[in-house]
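Below are the chains, spelled out letter by letter.
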Amino acid sequence: MKQNNNSNMKFAVVLTLVVVGIVVAVVMFSDKQNSSPMDIKQIDVTGQPSIGEKDAPVTVVEFGDFKCPSCKAWGEMIYPKLVDDYIETGKVKFSYVNVLFHGEESTLGSIAAESVYERNPDAYWEFHQALFDAQPVENHDAQWITPERILEIASGFPEIDQTLLKEDMEQQATMESVKIDEDLVRDAGVSMTPTIVINGKVMEDPFNYEAIKTEIEQKMQDEN
Ligand code: CA
């Protein structure tokens, strides 16, 4: 009887330890899940369209998609402030990486943008802007990124050779660059667009400009 009680007690202790172990493991695992996407390593922006001082102390990377309405909104609401406060003052270098969350249209838009970047780097940012401007305000899920529409947008840029752009789209000539972007998206664990990364730190809310400013100032201090 005593023997039995002892084993029951032992069993209870072991059971408690197992349960505590599981709880600790779950907490650690979910912590890791929560923290890892928020703080990743510096994004390698080699070969990416970039604007601002080459050696600026802080690098801001936008992971965006021409099909994404929030990216268009971010470009209208937050990006101009970033340009005025930090890019033009030489404090921030800004790079854009394509995300293909909307499938074929995202891919086509990215291929075209990469083609313009390769052939006419000086026209890239304006073309980028023109693509976002062409995104319909309503019913943006309907197909609008087509080769015809892209050529129409490109016709506003005398320096862009439309025949070459058409060929690049048909032959998916810049697919290699698009694949590099896909790898960056995967490595950074990007799950929404736009995702804004400041010196490796993923911003929780890309539309919180105060938080973006605080993060940039902090990173500038870290650099000093
Ligand atoms: Ca790219």
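Worth saying up front: this structure is predicted, and the values here are computed from it rather than measured. (Residues numbered from 1 in each chain as written. Predicted model: local features only at pLDDT ≥ 70, side-chain atom pairs only at ≥ 80, totals over all residues. Heavy atoms only, no water.)

Caption draft 1: Helix H5 (residues 124-134), seen in detail. With eight of 11 residues buried, H5 is to be regarded as a mostly interior element. For H5, every residue scored as buried is listed here: Tyr124, Trp125, Phe127, His128, Ala130, Leu131, Phe132 and Ala134. (Buried < 20%, exposed > 50% of the residue type's maximum accessible area, 1.4 Å probe, protein only. Helix = DSSP H or I, 4+ residues; strand = E, 2+ residues; numbered from the N terminus.)

Caption draft 2: Layout of the nonpolar core. Counting 44 residues, the largest nonpolar core has Val60, Leu82, Phe127, Ile150, Leu165, Ile212 and Ile216 as its most contacted members. By residue number, the principal contributor to this core is H5, which donates seven residues. Setting aside chain neighbours within four positions, we find phenylalanine 127 in contact with Ala112, Ala113, Val116, Ile150, Ile153, Ala154, Phe157 and Ile160. By size, the runner-up hydrophobic cluster in this structure holds 12 residues, among which are Val45, Val97, Val190 and Val197. (Core = buried A, V, L, I, M, F, W, Y, C linked by side-chain atoms within 4.5 Å. Contact = heavy atoms within 4.5 Å.)

Caption draft 3: View of the coordination of the calcium ion. The calcium ion binds to the protein through Gln48 (OE1), Glu114 (OE), Asp181 (OD) and Asp181 (OD), with metal-donor distances spanning 2.2 to 2.6 Å. Read from N- to C-terminus, the donor residues coordinating the calcium ion fall into the pattern Q-x65-E-x66-D. Separated by 67 residues along the polypeptide, glutamate 114 in helix H4 (residues 104-119) and aspartate 181 in helix H8 (residues 175-188) bring together distant segments of the chain. For glutamate 114, a relative accessible area of 4% gives the class buried. Aspartate 181 sits in the buried class, given a relative accessible area of 0%. (Donors = N, O, S within 2.8 Å, 3.2 Å for Na, K, Ca; no water.)

Caption draft 4: Looking closely at the packing of aromatic side chains. All told, the structure shown has 10 aromatic pairs when counted by the stated rule. Between tyrosine 79 and phenylalanine 94, the aromatic rings sit 4.9 Å apart at their centres with planes inclined by 50°, giving tilted as the arrangement. Of this pair, tyrosine 79 sits in helix H3 (residues 79-87) while phenylalanine 94 sits in strand S3 (residues 92-98), and the two are 15 residues apart along the sequence. Pair check on accessibility: tyrosine 79 and phenylalanine 94 agree, each one buried. Measuring from ring centre to ring centre gives 5.0 Å for tyrosine 124 and tryptophan 125, while their planes differ by 85°; the resulting arrangement is edge-to-face. In this structure, tyrosine 124 and tryptophan 125 share a single accessibility class: buried. Members of the aromatic cluster, connected to one another through ring pairs, are Trp74, Tyr79, Phe94, Tyr117, Tyr124 and Trp125. (Phe/Tyr/Trp six-rings, centres within 6.5 Å; stacked < 30°, edge-to-face > 60°.)

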